[in-house]
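Each chain, written out:
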Amino acid sequence: MSTLQAALADLLDGLPPGRAAQAVDRLIATYRGRTPSKSPILRDRSDVAAYAAYRMPATNAAVRAALAEFRDRAGDWAPADHLDVGGGTGAATWAVGDAWAGGAHRSTVLDWSDAALDLGRELAAGAESASVRDAQWRKAPLGGGARLPEADLVTISYVIGELAPPDRTAVIAEAARAARGAVLVVEPGTPDGYARVLAARDQLISAGFAVLAPCPHDTACPVEAPDWCHFAARVSRSSLHRQVKGGSLPYEDEKFSYVAAARFPAAPAASRIVRHPQIRKGQVLLDLCTAEDGLRRETVTKRHGDAYRAARDADWGDAWPTDS
């Protein structure tokens, strides 16, 4: 049995870093660009292997972090089936498998790249999670009115940025129709990624969903340009990952924006920490997004007792006050 990191290490063992680095350079330019694609970005085995080394751990970490916040608000709800739209090599499917590790849900990965699906299936074969091992990998178009199979949970991670605006709208609308329980949309934590998430959020609310995370409300987002709402997930780098990206640190922080919305009854957090807490002598400054006051700063001092101790342990992206 294998974790995602071990599966990647086994699969990529012997991959020439120079070849992977060239493919990564092209992928970086594509993912950071603003021109949508009408064909799969992952075109062949070399592209897919480079993506797996460069992006899959970061995508997985971002989806895991978003799912953790969603689960905190969703209570005992768990999906019986999961649809990973534009799932590529299955980073979100691995994250969902970890989130409900004791469950018996079924996952289906849809993507338009044969090479990505083939490698995803290969990676998943030795996974610890039965839902990952037994996942279905299906080729399907994205956008253009393509109909999605119904599922309790629909995830759409790091994919709508590849689509033209009409196709983005169509994919989110179809996800809203197909999701019996919840939809999670995750995008890069850039101004453009946040704008795409915000548009998806508006669509989901219009379709009757309630936002559970990160927002503490369903009203207009109080974050205004040039600022944007995003969070960060810590990612461990493998040796090949460091070679491909030219980095020396054993970790990096993946910035991401997301929205998790549900059809079932549940309550969002009272507020969300939207900046790194500032720890001063005897006090902690928390920048919060709140339902009542929009963005505001709260100062928690030693005289607040347990709240002060919780604030010192709190992190960017956490709900506030904590549930502990």
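(A) Structural detail: the overall build of the protein chain. Summing up its helical and strand segments, the protein chain has eleven helices and 13 strands in all. A buried classification covers 52% of the 324 residues belonging to the protein chain. A sequence separation of at least 24 residues applies to 72% of the contacts in the protein chain between residues at least 6 apart. When the accessible surface of the protein chain is split by element, carbon and sulfur atoms take 49% of a total near 14600 Å².

(B) The pattern of salt bridges, seen in detail. The full count for this structure, using the stated rule, is 18 salt bridges. Measuring nitrogen to oxygen at the nearest pair gives 3.2 Å for the salt bridge that ties Glu298 to Arg296. Residue Arg296 is classed as partly exposed on the basis of its relative accessible area, which comes to 31%. One network of salt bridges, in which partners are shared, links Asp81, Arg106, Glu150, Asp152, Glu174, Arg177 and Arg180.

(C) Structural detail: the packing of helix α4 (residues 56-74) against helix α5 (residues 91-99). Interhelical geometry of α4 versus α5 gives an angle of 40 degrees and a closest axis separation of 8 Å. Our classification of the angle between α4 and α5 gives oblique. When you trace α4 past α5, the crossing you get is right-handed. Between α4 and α5, the residues in contact are Met56, Thr59, Asn60, Val63, Arg64, Leu67 and Arg71 and Ala91, Ala92, Trp94, Ala95, Val96, Asp98 and Ala99, respectively. A per-class count over the contact of α4 with α5 returns nine nonpolar, two polar and three charged.

(D) Quick look at the pairing of strand β11 (residues 283-290). Of all eight residues in β11, seven are buried, a share of seventy percent or more. Pairing analysis gives three bridges linking strand β9 (residues 271-273) to β11, with the strands arranged antiparallel. From the neighbouring strand, Ile273 faces β11, where its bridge partner is Leu288. Hairpin geometry of strand β10 (residues 278-280) and β11 is characterised by an intervening segment of two residues between the two adjacent antiparallel strands and by a positive phi of about 75 degrees at Gly282. Examined bridge by bridge, β11 and strand β12 (residues 294-301) share eight bridges and lie antiparallel to one another.

(E) Region of interest: the pairing of strand β4 (residues 151-157). In terms of burial, β4 is largely enclosed, as seven of its seven residues are buried. With four bridges connecting them, strand β1 (residues 81-85) and β4 associate as parallel partners. Within the sheet, the bridge partner assigned to His82 lies in β4 and is Leu153. Viewed along the sheet, the connection from β4 through helix α8 (residues 165-178) into strand β5 (residues 179-188) turns out right-handed.

Analysis parameters
- Residues numbered from 1 in each chain as written.
- Predicted model: local features only at pLDDT ≥ 70, side-chain atom pairs only at ≥ 80, totals over all residues.
- Heavy atoms only, no water.
- Helix = DSSP H or I, 4+ residues; strand = E, 2+ residues; numbered from the N terminus.
- Buried < 20%, exposed > 50% of the residue type's maximum accessible area, 1.4 Å probe, protein only.
- Contact = heavy atoms within 4.5 Å.
- Areas by Shrake-Rupley, 256 points an atom, 1.4 Å probe, with all protein chains shown as cover.
- Salt bridge = Lys/Arg side-chain N within 4 Å of Asp/Glu carboxyl O.
- Axes fitted to C-alpha atoms, helices over the stretch in contact; angles between N-to-C directions.
- Parallel < 35°, antiparallel > 145°, perpendicular 65-115°, else oblique.
- Left-handed = near helix turned anticlockwise from the far one by under 90°.
- Nonpolar A, V, L, I, M, F, W, Y, C, P; charged D, E, K, R; others polar.
- Pairing = 2+ DSSP bridges.
- Right-handed = clockwise from strand over helix to strand, strands pointing away.

Read these as spatial facts, not as claims about activity.
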